[in-house]
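Given next are the chains, with one letter for each unit.
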Amino acid sequence: MSDPVLEVRNLRVEFPTRHGILTAVDDISLSIGRGEILGVVGESGAGKSMTGMAILGLLEPPGRIAGGEIRLSGDRIDSLDERQMQAIRGRRIGAIFQDPLTSLNPLFRVGDQLVETIRLHSDLSRGAARARAIALMKEVGIPAVEERIDNYPHQFSGGMRQRIVIALALSAEPELIIADEPTTALDVSIQAQITALLKRLCRDRGTAVMLVTHDMGVIAETADRVAVMYAGRLAELGPVDEVVRRPQHPYTSGLMGSIPSLRREVDELQMIPGAMPRLGAIPTGCAFNPRCAHAGPKCRREVPRVAGNDPSGNGAACWLALEGETA
Amino acid sequence: MTGPRPILEVDALERRFDVSAPWLNRLLEGKPRRSLRAVDGVDFDILPGQTLALVGESGCGKSTIAKLVTGLHAPSGGAIRFNGDPARMQMIFQDPFASLNPRWRVGRIVAEPLRTLFPETPDTQVQARVDELLRTVGLAPADASKFPHEFSGGQRQRISIARALAGEPEFLVCDEPTSALDVSVQAQVLNLMKRLQKEMGLTYLFISHDLSVVRHMADVIAVMYLGRIVEIQPAADLFAKPLHPYTRMLLDTIPDLEAPRRDRAPMGGEVPSPVSPPSGCSFHPRCPLAFGRCQAERPQRLPHVHDRRVACFAAEAAADV
């Protein structure tokens, strides 16, 4: 198999605070191949966005990468300085964030924003860049592009704005796109349009996509593989249909059970008791053990890892799944 | 037809908002006055002890209805009849960060409806009631002395629920009560709301954009599109046999965890602006079944078309055959 586009090994992100060091991302290993969509799912504070930000080199100080490595098509990018990272962001890694309004400058016409981005990453002339901007806007499905290219962001609907953000992310033909909750601010019918667009672009261009979302339904219909995060750690990693159909980690199955079903009527939703621990108060052993019905002595003692901590691996970071017992 | 008397009856309810340009602009640029019909002729009833859910995409008018029912907005037309004690209607808001006063301790927040509605209650009794309410929603009496920022989103929503219960309500308007919460926390709050409904015989007007949440909570679901109810049915029927093309499209679009469809064809088009809605049936530009009449006339929910459950000319034509 050829090199994965993205390979993250033992990534650790820390935030030094007055009360000690908080570990926001703890020993995460994962990889994404060409044309593959990896879904990263978890609840707020699980570290999923932080993982994306670390890859983009956009951690807010004092946050820092405290261990592990990040490779983009084989090149290490976690140790680059800000100037070198700037050359990679946009050109080799594109980003799509939740709120398209904050990703676009409200004072500039969308066409000019696209042209500027294209010219920053290539040596195209203004005219050629504009032609390329029009082609990109067409590709992401914006109707009547020639009339709308000189409109301002506020003149577009939320779904159209997110399409423009996707066009911006694609403008330099990056190898990897990090999409952080790209559909969360959108209505369901528009959400489906955007995920379908992402899937098509990823397939046509061979772009690797890291799709960060809290929505398991979106993951189930969009991603090829999924990484489930909990309290900064990887709880489960594997092909999406396996993880959805036969979740091995009690957290994953609890998470799935708590989603109301569209097909069945239930009196009571399955609940995971308690709440995810704060970063400053992660229990020893498995971070999930105080909420887990199957927790044994080993779970309270030792931290389980997805087998071999292999970036392309699959399995659950759970002693019950790993060893069949928790004694 | 006789049956239990509805606790809430909403009849031809309308609410328009003025979205005109400022006066000077209208004068200089000759712009007309413009109004947005956020709620455009809505009828529904809610029976005591039941949950009616309003579901729809942003801008369909569902939150405006919540505000009309609770009296936070005045209707521009139509009528709302509440056949209960108006003091026993409470509301739970979407954002548990914005709806709790950050400078007040939880005890004071929860006691506020008590002190307002029953000002003669002695302090010891208020205290005891607050303790009891906090326990009911799964918090501890000791939490009364804390501030809202010390709680997570799910816990804050429990505080909102405790506050709403303090007035001994019979009718609760819940506007997206769980959309700001993570799914596992959402499950806790939904279970709590269902339990309380059973124990206290509460009636809910439940507003949500999430069809799976609505399916779990509601007895009756009303689907809204651009200020109108296009379909209203008992929850199980709506999912088994959606009647309106918009409902069918919505159901076809939401990701289904149990049977993921990776080749799902997304719904085309977007919700038009409510300032200038399409003529006739406002869904016709996106509708696969639209024909001439849909552009010219506005469909109504009629007794002989699925017992007033759907407003659609295609359904009407099928029923007339």
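Please read all numbers here as calculations on a predicted model, not as lab measurements.

Peer 1: Would you mind going over the overall build of chain B with me for this structure?
Peer 2: Helix and strand counts for chain B come out as eleven helices and nine strands. A compact globule built from 321 residues should have a C-alpha radius of gyration of about 20 Å, and chain B, at 22 Å, falls within 12% of that. For the C-alpha atoms alone, the extent of chain B along its principal axes is close to 70 × 55 × 45 Å. Within chain B, buried positions represent 53% of all 321 residues. Within the structure as shown, chain B displays about 14400 Å² of accessible surface, and the carbon and sulfur contribution to it stands at 52%. One way to put it: in chain B the 38 positive side-chain charges average out to a point 3 Å from where the 37 negative ones average out.

Peer 1: Would you take a moment to explain unusual backbone geometry for this structure?
Peer 2: Negative phi values dominate among residues other than glycine, just as trans dominates among peptide bonds. Look at the link from P61 of chain A to P62 of chain A: it is a cis peptide, with omega at 10 degrees. Despite not being glycine, N10 of chain A shows a phi value in the positive range, around 50 degrees. One can find N10 of chain A in strand β1 (residues 6–17). The phi torsion at E168 of chain B lies on the positive side, around 45 degrees, for a residue other than glycine. Of note, E168 of chain B is situated in the loop between α5 (153–166) and β6 (171–175).

Peer 1: Would you explain the sheet that holds strand β2 (residues 35–46) of chain B in this entry?
Peer 2: The strands that make up a sheet are held in pairs by hydrogen bonds between backbone atoms, and each pair lies either parallel or antiparallel. All names here are of chain B. The sheet built from three strands is open, its strands ordered β2-β1-β4 with antiparallel pairing. Across the chains shown, the open sheet's two edge strands, defined by having one partner strand only, are β2 and β4 (77–82). Ignoring strand direction, the axes of neighbouring strands in this sheet form an average angle of 25 degrees. Direction of pairing for strand β1 (residues 8–18) relative to β2: antiparallel, over a ladder of nine bridges. Looking at the pairing, E14 lines up with D40 of β2.

Peer 1: Is there a simple way to explain the interface of chain B and chain A in this structure?
Peer 2: In many analyses, interface size is given as the accessible surface area lost on bringing the parts together. Contacts between the two partners involve 39 residues from chain B and, on the opposite side, 46 residues from chain A. In total, about 3700 Å² of surface goes out of reach between chain B and chain A, with carbon and sulfur atoms giving 51% of it. For the pair chain B and chain A, the number of links is three salt bridges. Between D256 of chain B and R263 of chain A there is a salt bridge, with the nearest N and O atoms lying 2.6 Å from each other. The interface formed by chain B and chain A includes 15 residue pairs in polar contact (both at pLDDT 80 or more). Taken together, the elements giving at least two residues each to the side of chain B that touches chain A come down to α6 (183–200), α7 (211–217), α8 (235–240) and α9 (245–253) of chain B. It is α6 of chain B that contributes the most residues to the side of chain B that touches chain A, ten residues altogether. Of the residues assigned to the side of chain B that touches chain A, the class counts are 16 nonpolar, ten polar and 13 charged.

Peer 1: For this particular structure, what's the right way to read the side chain of D256 of chain B?
Peer 2: You can see D256 of chain B is positioned in the loop between α9 and α10 (292–296). You can call D256 of chain B buried: its relative accessible area is 7%. Setting aside chain neighbours within four positions, we find D256 of chain B in contact with E221, L262 and R263 of chain A together with R264 of chain B.

Peer 1: What is the right way to read the side chain of E57 of chain B from this model?
Peer 2: As for its placement among the helices and strands, E57 of chain B is situated in the loop between β3 (51–55) and α2 (62–69). Buried E57 of chain B, no salt bridge; nearest opposite-charge side chain is R286 of chain B, N-O distance 4.1 Å. Of the polar contacts made by the side chain of E57 of chain B, one reaches the side chain of S189 of chain A; its length is 2.7 Å.

Peer 1: Got a minute to help me understand the nonpolar core in this structure?
Peer 2: Nonpolar side chains in soluble globular proteins generally cluster together in the buried interior. L6, I55, I93 and L176 of chain A are the most contacted members of the largest nonpolar core, which has 98 residues in total. Sorting elements by how many residues they give to this core places helix α7 (residues 158–170) of chain A first, with eight residues. Grouped together as the second largest cluster of nonpolar side chains are 64 residues, C174, L196, V223 and Y225 of chain B included.

Peer 1: When you look at the packing of aromatic side chains in this model, what are you seeing that I'm missing?
Peer 2: The geometry of an aromatic ring pair is captured by the separation of the ring centres together with the interplanar angle, meaning the angle of the planes. Under the counting rule described, the total for this entry stands at seven aromatic pairs over all chains. An angle of 55 degrees between the planes, with centres 4.5 Å apart, marks the rings of Y225 of chain B and Y246 of chain B as tilted. With Y225 of chain B in strand β8 (residues 220–225) and Y246 of chain B in helix α9, this residue pair connects regions lying 21 residues apart in the sequence. Of the aromatic side chains, those joined through ring pairs into one cluster are Y230, Y251 and F288 of chain A. One cation-aromatic arrangement involves K298 of chain A over W319 of chain A; the distance from NZ or CZ to the ring centre is 4.2 Å. Sitting above the plane of the W104 of chain B ring, R108 of chain B keeps its charged end 3.7 Å from the centroid.

Peer 1: For this particular structure, what's the right way to read a nonpolar patch on the surface?
Peer 2: Residues and elements named next belong to chain B. A cluster of nonpolar residues, W23, L24, L27 and L28, forms a patch on the protein surface that exposes about 500 Å² of accessible area. Counting through the fold element by element, L24 comes out in helix α1 (residues 23–29). Classification of L24 as partly exposed rests on a relative accessible area of 46%.

Peer 1: Explanation requested: the pattern of salt bridges in the structure shown.
Peer 2: A side chain of one charge can pair with a side chain of the opposite charge if their charged atoms are brought near each other. On inspection of all chains with the given rule, the structure shows 43 salt bridges over all chains. Between E265 of chain A and R215 of chain B there is a salt bridge, with the nearest N and O atoms lying 3.3 Å from each other. Of this pair, E265 of chain A sits in the loop between α11 (250–257) and α12 (297–301) while R215 of chain B sits in helix α7, placing the two residues on different chains.

Peer 1: Explain helix α4 (residues 123–136) of chain B to me, please; I cannot follow it from the model alone.
Peer 2: In an α-helix, one full turn covers 3.6 residues, which means residues spaced three or four apart are oriented alike. All names here are of chain B. For α4, with 14 residues, the first-to-last C-alpha span of 20 Å sits near the 20 Å given by 1.5 Å per residue. Within the sequence span of α4, burial applies to V126, R129, V130, D131, L133, L134 and T136. At the C-terminal side of α4, G138 shows a positive phi close to 85 degrees.

Peer 1: Honestly, the environment of V145 of chain A in this entry has me stumped. Any pointers?
Peer 2: Residues and elements named next belong to chain A. On the secondary structure map, V145 appears in helix α6 (residues 145–148). Taking C-alpha positions, V145 is 6.4 Å from I134, a pair spaced eleven residues apart along the chain. In this structure V145 touches I134, M137 and K138, once residues within four positions along its chain are discounted.

Peer 1: Hey, could you run me through the state of the cysteines in this one?
Peer 2: Residue and element names in this part refer to chain B. On inspection of all chains with the given rule, the structure shows zero disulfides over all chains. Not part of a disulfide, C174 finds its nearest cysteine sulfur in C60, a span of 16 Å. Exposure remark for C174: the relative accessible area of 0% places this residue in the buried category. The cysteine C281 is free of any disulfide, with C294 supplying the nearest cysteine sulfur at 6.0 Å. For C281, a relative accessible area of 12% gives the class buried.

Rules of the game
- Residues numbered from 1 in each chain as written.
- Chains lettered and ligands numbered in written order.
- Predicted model: local features only at pLDDT ≥ 70, side-chain atom pairs only at ≥ 80, totals over all residues.
- Heavy atoms only, no water.
- Helix = DSSP H or I, 4+ residues; strand = E, 2+ residues; numbered from the N terminus.
- Rg over C-alpha atoms; globule rule 2.2 N^0.38 Å.
- Buried < 20%, exposed > 50% of the residue type's maximum accessible area, 1.4 Å probe, protein only.
- Areas by Shrake-Rupley, 256 points an atom, 1.4 Å probe, with all protein chains shown as cover.
- Lys, Arg positive; Asp, Glu negative; His and termini not counted.
- Charge placed at Lys NZ, Arg CZ, Asp CG, Glu CD.
- Pairing = 2+ DSSP bridges.
- Axes fitted to C-alpha atoms, helices over the stretch in contact; angles between N-to-C directions.
- Contact = heavy atoms within 4.5 Å.
- Buried area = accessible area lost by both parts, 1.4 Å probe.
- Salt bridge = Lys/Arg side-chain N within 4 Å of Asp/Glu carboxyl O.
- Polar contact = N/O pair within 3.5 Å; in protein donor to acceptor, adjacent residues only side chain to side chain.
- Nonpolar A, V, L, I, M, F, W, Y, C, P; charged D, E, K, R; others polar.
- Core = buried A, V, L, I, M, F, W, Y, C linked by side-chain atoms within 4.5 Å.
- Phe/Tyr/Trp six-rings, centres within 6.5 Å; stacked < 30°, edge-to-face > 60°.
- Lys NZ or Arg CZ within 6 Å of the ring centre and 35° of its normal.
- Patch = residues over 30% accessible without salt bridge, like charges linked within 9 Å, V, L, I, M, F, W, Y side chains within 5 Å.
- Expected span 1.5 Å × (residues − 1).
- Disulfide = S-S within 2.5 Å.

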